[in-house]
Amino acid sequence: MLSMPSLTQTTLVLPVLPKANPTTTTTLLTALSSSTTIAHLKQVHAQILRSKLDRSNSLLLKLVLASCVISPSLDYALSVFTHVSNPDALLSNKFLREFSTRAGASAEKTLLVYEKMRKDGVGVDRFSFPAILKAASKASALAEGMEIHGLALKLGFCTDPFVDTGLVRMYASCGGVMEARLVFDKMSRRDIVAWSIMIDGYCQSGLFDKVFVLYEEMKYSDIKPDRMILSTILSACGRAGNLTYGKAIHDFIIDNNIAVDSRLQSSLVAMYASCGSMDLAKKMFGMMSSKNLVVSTAMISGYSKLGQLQDARLTFDQMAEKDVVAWSAMISAYAESDWPQEALRLFNEMQQLGVSPDYVTMLSVISACAHLGALDKANWIHIYVNRNGFGGTLSVNNALIDMYAKCGSLGRAREVFEKMPRKNVISWTSMINACAMHGDAVNALSFFNKMKERNVQPNGVTFVGLLYACSHAGLVDEGKKLFASMIDEYNIAPKHEHYGCMVDLFGRANLLREALEVVETMPMAPNVVIWGSLMAACRNYGESQLGEFAAKRLLEMEPDHDGALVVLSNIYAKERRWDDVGKVRNLMENSGIFKERGFSRIELNDEVHEFFMADKRHKQTDEIYENLSRVVNELKLVGYAPNTCSVLVDLEEEEKKEVVLWHSEKLALSLGLLISKSKVSCIRIVKNLRICEDCHTFMKLSSKVYEREILVRDRTRFHHFKDGLCSCKDFW
DNA sequence: CTAGGGTTAG
């Protein structure tokens, strides 16, 4: 080890080497200690330049490599490298490799190194390509990747399996699995790594069928699967939810005595967890001697998918260390289970512990804000996104559109959309959906037209948004045309959700015969949603016979479907079939139909208030109820009469009236009117269930009497109440 | 002689 006086950043002297020579400098550069700093290297650099040793490129390159070793940021190394004329291949490749394998170094910088090598016209040989292609893959740089492909062809390296494998990987990562496959098929010799990368490419593109086909093909061509490729296949099984294939792989591992290391074990647990087979996952997880980050995170997301939040949280709390992925998984679990406040709380806790979020974390946090529906929080997270450099990320912007729409601000959603530097189908679909949610069918259709003009291909989800918009706006002909063009023009096979929209489209327009025809002619068996749509239409138009039929089909599939039970009991009551009413009531009591408790949230002065029905937990409870009865009396003057149709419990009429008056959205409105006095500000309420008819009327009248705009988000859509009218035109 | 592949969050 070179004895260097303890240099600090402030005493930049190099006393031992007044005159540098190649040998001593080399010694110096190869004898790095943990205390060597960039400052030391800068001195050596100066020595080299002063002693005119810089014509010896190898010395400078050694300096470059030395700085790679000691500094996580490769900026200094890069700056020295760019000043080396005609770097030689061996050291350049080492440098490239250093760059491409370094986690912190951005792939774009590796490509800069490559460009420099190209410009100097030397230094590129077949050993350079794997690293360069890896960088192009990481950066998803298709244009550069293709140029590199061209160069490899020109230099005659395209018979080198390492180069070919790199090309397969590059195309696969840039979204060109087809091109990857072309390169793969032309390879004369395919080893297990080549197969592995090709299979992983299909996995990344979500083409799981191809994954399994190719894997079988590989086994057929006498290549024995190893642990790594088995991991890849298991991951595909997990993501495709193919438990059968996953189990078969597990059996293969056992039958062939393949040693299961901790990584393969993690893959097995992750596969079972992703397939929702938590019992098997848990069993294997329990057997692991040391539970690493990855496998614990897989367990968290497995539990979360099944809605088992307590188990997810328990696993999370038991983790000795947590990285950003684990935090993100837990935050996402809360966000997706409609527990947004806990998701946001966890996000704060994570930051306090010094863990920086990445863009996936942001997606979950944005989704949490969307669930919460609080516009102030939404604005806050948007600022956070911009300040922390996520503003340019496509998926983040897509999530922001959805968030603003769900927080009631179509305008802000549109602003995000307009400002986006790049847009994809999801961006357009999110915007169409945003309009649909707000009952703005005209703009939904106009976004669709603009999307077509820009040659963006719509997908099945796009049409769900469009059909939803049409059905809620009563645009029957337009909806029919869109449905036809989806099939004929865009070759998209309609799924359940599309047929559901069509049933809704006709049902809402009182075209019940057509609605029934859709149900009868659709090529797959109708599901709960389809029968539910038909039933709702029948209820709205008093079509009891068909309504009863639909409700019964629904109950065959979901015996405790609360909506169906209510409709049936109302139909029977109307027809005075008291025996049947009694039967349904019994069913309702036994099935515990109130599985989801209704609640409403309102955000006032940056504080979120939450109410259940007849809730008395709020600190201003007395004022809220006092104000509510005042409001009720004032509304009665303009014709309000409590409507108890939606009350399911068996109560006396007078009691039912009280129950209706204490619905959570009315409590929220009462507080809103108490606290927010300014007539220009809109009162925003978020409800987890559908708004009932009585509350809907109540909101309409309040908007007129108090000259306030009221925005209520219910389970599926927005209601803008203004001047006594609602944007949903009383169809919901 | 210096080169390529695996598990987790959406």
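Residue indices follow the written sequence of each chain, beginning from 1 at its first position. Lettering for chains starts from A, numbering for ligands starts from 1, and both go in the order in which the items are written. In keeping with the predicted nature of the model, local features appear solely for residues at pLDDT of at least 70, side-chain atom pairs appear and are counted solely at 80 or more, and the whole-chain, interface and lining totals rest on all residues. Derived side-chain values reflect all non-hydrogen atoms in the structure, with water molecules and hydrogen atoms excluded from consideration.

Going by an unreviewed UniProt entry, chain A carries the name DYW domain-containing protein and comes from Cannabis sativa. UniProt positions are given in the numbering used here, feature names are shortened, and annotations may be inferred rather than shown by experiment. Among the UniProt annotations of chain A, the heading Sequence similarities (unreviewed entry) holds the following wording: "Belongs to the PPR family. PCMP-H subfamily."

## Side note on the protein's contact with DNA strand B
Here a residue counts as near a molecule or strand whenever at least one of its heavy atoms sits within 4 Å of it. Around DNA strand B, the surrounding shell holds 39 residues, and the nearest of these are Arg97, Asp191, Asp226, Arg263 and Tyr359. Among the atoms of DNA strand B lying within 4 Å of the protein, the sugar-phosphate backbone contributes 30%. Take Ser332: an N or O atom from its side chain is 2.9 Å from a phosphate oxygen of DNA strand B. For this analysis, a polar contact is any N or O atom pair within 3.5 Å, provided that within protein one partner can donate a hydrogen and the other can accept it, and provided that sequence-adjacent residues contribute only side-chain to side-chain pairs. In this structure, a base nitrogen belonging to DNA strand B sits 3.0 Å away from a side-chain N or O atom of Asp358.

## Observations regarding the domain arrangement of chain A
Interface size is commonly expressed as the accessible area that is lost once the parts come together. Segmenting chain A into domains produces domain 1 (494-595) and domain 2 (599-726). Boundary definitions for the domains trace back to an automatic or database domain assignment. Distance from the C-alpha centre of domain 1 to the C-alpha centre of domain 2: 28 Å.

## Comments concerning the environment of Ala378
Relative to the helices and strands, Ala378 is located in helix α22 (residues 375-387). Residue exposure (1.4 Å probe, protein chains only): buried if accessible area is under 20% of the type maximum, exposed if over 50%, otherwise partly exposed. The exposure class assigned to Ala378 is buried, which follows from its relative accessible area of 0%. For the pair Ala378 and Leu353, spaced 25 residues apart in the sequence, the C-alpha separation amounts to 23 Å. Contacts are assigned to residue pairs with any non-hydrogen atoms lying within 4.5 Å of each other. Beyond its immediate chain neighbours, meaning those up to four positions away, Ala378 contacts Met403, Tyr404 and Cys407. Numbering of helices and strands runs from the N terminus, with a helix taken as a DSSP run of H or I at least four residues long and a strand as a DSSP run of E at least two residues long.

## Quick notes on a negative patch on the surface
Like charges are joined within 9 Å and nonpolar side chains (Val, Leu, Ile, Met, Phe, Trp, Tyr) within 5 Å, but only among residues with over 30% relative accessible area and no salt bridge; these make up the patches. The method behind every accessible area is Shrake-Rupley, applied with a 1.4 Å probe, and residues are considered shielded solely by the protein chains displayed. A pair is scored as a salt bridge if a Lys or Arg side-chain nitrogen falls within 4 Å of a carboxyl oxygen belonging to Asp or Glu. In this tally, Asp and Glu contribute negative charge and Lys and Arg positive charge; neither His nor the terminal groups of the chain are included. Here the site of a charge means NZ on Lys, CZ on Arg, CG on Asp, or CD on Glu. On the surface, Glu108, Glu115, Glu144 and Glu147 cluster together to form a negatively charged patch. Among the secondary structure elements, Glu144 is positioned in helix α8 (residues 142-154). Residue Glu144 is classed as partly exposed on the basis of its relative accessible area of 33%.

## Some points on the UniProt feature "repeat: PPR" (unreviewed entry) in chain A
Feature annotation in UniProt places "repeat: PPR" (unreviewed entry) on residues 191-225, 292-322, 323-357, 393-423 and 424-458, given in this structure's numbering. The span residues 323-357 carries 74% helix and 0% strand; its end-to-end C-alpha distance comes to 10 Å.

## Some points on the layout of surface pockets
If you add up the space inside the second largest pocket, you get close to 900 Å³. A 1.4 Å probe that fits but cannot get out identifies a cavity on a 1 Å grid over protein atoms alone, an open set with protein on both sides within 12 Å along at least five of seven lines counts as a pocket, and a residue lines either if it has an atom within 4 Å of a point. As for the second largest pocket, its lining consists of 28 residues, and the residues nearest its centre are Ser235, Ser266, Ser267, Ala270 and Val294. Every element with two or more residues in the lining of the second largest pocket is listed here: α13 (227-240), α15 (262-274) and α17 (293-305). The leading source of residues in the lining of the second largest pocket is α15, at nine residues. Grid points are joined across faces, edges and corners, and a volume is the space filled by probe spheres set on the points.

## Digging into the nonpolar core
We define the nonpolar core as a collection of buried residues of types Ala, Val, Leu, Ile, Met, Phe, Trp, Tyr and Cys that are connected through side-chain atoms lying within 4.5 Å of one another. Counting 182 residues, the largest nonpolar core has Tyr215, Ile233, Ile366, Ile381 and Met403 as its most contacted members. Here this core takes nine residues from helix α19 (residues 324-336), the largest share from any one element. One finds Phe611, Ile624, Ile683 and Ile691 within the second-largest nonpolar core, a separate group that totals 31 residues.

## Digging into the environment of Tyr572
The residue Tyr572 is located in helix α33 (residues 562-574) in this model. For Tyr572, a relative accessible area of 4% gives the class buried. Taking the C-alpha atoms as reference points, Tyr572 and Ser544, 28 residues apart in sequence, are found 8.9 Å from one another. Ignoring any residue separated from it by four or fewer positions in sequence, one finds Tyr572 in contact with Glu548, Lys552, Arg577, Asp580, Val581 and Val584.

## Observations concerning the side chain of Asp694
Within the element layout of this structure, Asp694 appears in helix α38 (residues 693-705). Exposure remark for Asp694: the relative accessible area of 2% places this residue in the buried category. A distance of 2.7 Å separates the side chain of Asp694 from the side chain of Lys666, its partner in a polar contact. Not counting chain neighbours up to four residues away, the residues in contact with Asp694 comprise Tyr640, Ala641, Pro642, Asn643, Val660 and Lys666.

## Section: a nonpolar patch on the surface
A contiguous nonpolar surface patch, about 280 Å² in accessible area, is contributed by Leu637, Val638 and Val705. Examined against the element boundaries, Val638 turns out to sit in the loop between α35 (621-636) and α36 (653-661). Look at Val638 and you get partly exposed, because its relative accessible area is 48%.

## Concerning helix α20 (residues 340-352)
In this model, α20 (13 residues) spans 19 Å end to end at C-alpha, consistent with the 18 Å of a helix rising 1.5 Å per residue. Looking at α20, one finds that the buried residues are Pro340, Glu342, Ala343, Leu344, Leu346, Phe347 and Met350. The first or second residue beyond α20 is Gly354, which carries a positive phi of 80°. A helix is expected to reach a length of 1.5 Å times the quantity of its residues less one.

## Thoughts on the pattern of salt bridges
Applying the stated criterion across every chain, the model contains 22 salt bridges. Linking Asp402 and Lys406 is a salt bridge whose minimum nitrogen-to-oxygen distance equals 3.2 Å. In this pair, Asp402 and Lys406 are both assigned in helix α23 (residues 394-406), four residues apart and thus about one turn of the helix distant. Accessibility expressed as a relative area gives 27% for Asp402, which makes it partly exposed. The exposure class of Lys406 is partly exposed, given its relative accessible area of 28%. Of the charged contacts, one joins Arg414 and Glu418 as a salt bridge, the two residues approaching to 3.3 Å between their closest N and O atoms. Within this pair, Arg414 and its partner Glu418 are both found in helix α24 (residues 410-419), separated by four residues, close to a single helical turn. Judged by its relative accessible area of 45%, Glu418 is partly exposed. Beyond isolated ion pairs, a larger network of salt bridges with shared partners links Arg313, Asp317, Glu342, Arg345 and Glu349.

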